[in-house]
Amino acid sequence: MTAGGAPPAGDEYGGPIQPRSRGEAVLEISDLSVVYRTPAGDVRAVNRVSLDLHAGEVVGLVGESGSGKSTLVYGACRLLRAPALITGGAVRYHGRRLPRPANILELSLDQLTSLRWREIAIVFQSAMNALNPVLNVRDQMLDVIHAHLHMSRDEAMDKVGSLLDLVGIPRSRSRSYPHELSGGMRQRVMIAMALATEPEVVIMDEPTTALDVVVQRDILAQIAELRERLGFSILFITHDLSLLLEFADRIAVMYAGRLLEIATAAEIHHEPAHPYTMGLLNSFPSLHGPRRDLAGIPGSPPDLLNPAPGCPFIPRCGFSRSACAEVDMSLEPVASSPDPGHVTACPYVLPGAPLPAGAASLAAVAEPGTEEVAQ
């Protein structure tokens with residue numbers, strides 16, 4: 001180990017992953033800030049975001065396009081290129097192959113290369129673009145294996161076959177090129193590649209986008225089964241909140257570069273505490289319960305080049321008041337929730353708060369009248 005808890009350069013992680021308690025943190029993002037440098041000034045894409053991922057857990061990161069979800073995760077893995085710039089924060093990885101935690105933002109290039117994919121793997125958005133079009137499936141998977149694991153070619157070939165078995169692809173398709181596979185099969189190949197080195201953390205950036213609902217459901221069921229079998233943690237990025245309600249353990253709601261609410265999937269579904277979360281929940285139909293009118297969220301996300309003070313959701317919020325311009329956006333426990341892990345950036349709205357008159361576009365998702373707006 002080098003000073004500061006950095007892992008050694010090269011593939012020197014020792015031995016198989018040892019069992020660990022489910023509640024232990026494996027990845028900690030603390031006060032991370034990322035800007036995009038432009039001639040007009042810095043665009044604050046991620047603004048002091050903190051998020052933990054625990055062992056064996058699925059954390060869903062949800063928000064509109066442009067809310068900063070991918071920038072947050074790629075910044076945490078140092079995959080961003082100029083004009084993106086990390087301006088503050090820390091990202092600590094508590095790997096069981098490491099003697100002590102490593103701050104990813106302080107690693108050298110060799111150390112970072114050794115860490116990526118071996119410990120933290122990524123299923124990129126749009127598998128057709130993420131896979132190399134001139135290499136077949138077998139060669140692409142062999143590249144990953146040989147880059148991080150010491151094994152003979154025969155052993156690596158056997159591992160490729162085992163990985164394809166794991167994700168339900170016939171071994172005969174290992175010689176196929178990406179354009180010869182369906183969208184669902186390409187996505188499964190990406191998942192197999194991500195699991196090739198037995199990582200502790202798998203980041204999935206909208207892995208089911210552009211797939212039909214049947215294939216989407218099959219892939220999600222397969223991901224859940226693999227997680228239970230192999231014990232890795234998942235950070236799942238999507239703009240589809242309805243998907244996360246069934247798949248994730250916890251959900252973090254992101255908007256305009258900030259986290260607005262974090263809670264279990266059940267709390268988000270039944271006791272949403274932030275008006276933005278309420279708006280997201282009210283934008284898709286429910287399969288059970290009484291019929292209700294669907295309502296989108298009016299307006300557009302704010303300009304992050306010159307953000308207004310206070311809550312960034314003010315122009316689109318039916319609950320907004322003058323005091324919202326002074327909110328510091330820190331995440332605080334929801335007063336009415338028994339779960340101390342349910343936190344929100346809005347100090348004025350409680351779950352179930354009735355929608356103010358004239359703000360029908362953000363109709364409350366929970367049954368109205370169960371709680372009053374906090375004064």
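Overview of the structure. (Residues numbered from 1 in each chain as written. Predicted model: local features only at pLDDT ≥ 70, side-chain atom pairs only at ≥ 80, totals over all residues. Heavy atoms only, no water.)

Brief notes about the overall build of the protein
And then number 1: Looking only at helices and strands, the protein features 10 helices and 12 strands.
And then number 2: Among the 375 residues that make up the protein, the fraction classed as buried is 50%.
And then number 3: Of the contacts formed within the protein by residues at least 6 apart in sequence, a portion of 66% connects residues at least 24 apart.
And then number 4: Of the roughly 17100 Å² of accessible surface on the protein, 52% is carried by carbon and sulfur atoms. (Helix = DSSP H or I, 4+ residues; strand = E, 2+ residues; numbered from the N terminus. Buried < 20%, exposed > 50% of the residue type's maximum accessible area, 1.4 Å probe, protein only. Contact = heavy atoms within 4.5 Å. Areas by Shrake-Rupley, 256 points an atom, 1.4 Å probe, with all protein chains shown as cover.)

Observations regarding the packing of helix α6 (residues 183-194) against helix α7 (residues 213-230)
And then number 1: At a minimum axis separation of 10 Å, α6 and α7 run at an interaxial angle of 15°. In terms of orientation, α6 lies roughly parallel with respect to α7. The handedness of the crossing between α6 and α7 is right-handed. Two secondary-structure elements touch here, α6 through G184, Q187, R188 and I191 and α7 through V215, D218, I219, Q222, I223 and L226.
And then number 2: In the contact of α6 with α7, the residues fall into five nonpolar, three polar and two charged. (Axes fitted to C-alpha atoms, helices over the stretch in contact; angles between N-to-C directions. Parallel < 35°, antiparallel > 145°, perpendicular 65-115°, else oblique. Left-handed = near helix turned anticlockwise from the far one by under 90°. Nonpolar A, V, L, I, M, F, W, Y, C, P; charged D, E, K, R; others polar.)

Quick look at the sheet that holds strand β11 (residues 332-333)
And then number 1: With respect to topology, eight strands assemble into an open sheet ordered β6-β7-β8-β3-β9-β10-β12-β11, the strand pairing being mixed. Every other strand in the sheet has two partners, leaving β6 (120-123) and β11 as the edge strands with one partner each.
And then number 2: The sheet contact formed by β11 and strand β12 (residues 343-344) spans two bridges and is antiparallel. In the sheet register, E332 faces β12, and the bridge partner there is T344.
And then number 3: Relative to the sheet, α6 contacts β6 and β7 (201-205), its axis offset from that of β6 by approximately 175°. (Pairing = 2+ DSSP bridges.)

Remarks on the nonpolar core
And then number 1: If you look at the biggest cluster of nonpolar residues, it comprises 70 residues, and the most contacted ones within it are L241 and I251.
And then number 2: Ranked by residue count, the leading element in this core is α6, at seven residues.
And then number 3: In this structure, V26, I104, I120 and I203 belong to the second largest nonpolar core, which totals 35 residues. (Core = buried A, V, L, I, M, F, W, Y, C linked by side-chain atoms within 4.5 Å.)

Concerning the pattern of salt bridges
And then number 1: Here the structure, examined in full by the defined rule, presents 11 salt bridges.
And then number 2: Of the charged contacts, one joins E200 and R96 as a salt bridge, the two residues approaching to 2.9 Å between their closest N and O atoms. One end of the pair, E200, is in the loop between α6 and β7; the other, R96, is in the loop between β4 (84-93) and β5 (102-103), with 104 residues separating them in the sequence.
And then number 3: The class of R96 is partly exposed, set by a relative accessible area of 25%.
And then number 4: Connected through salt bridges with shared partners, the residues R227, E228 and D249 form a single ionic network. (Salt bridge = Lys/Arg side-chain N within 4 Å of Asp/Glu carboxyl O.)

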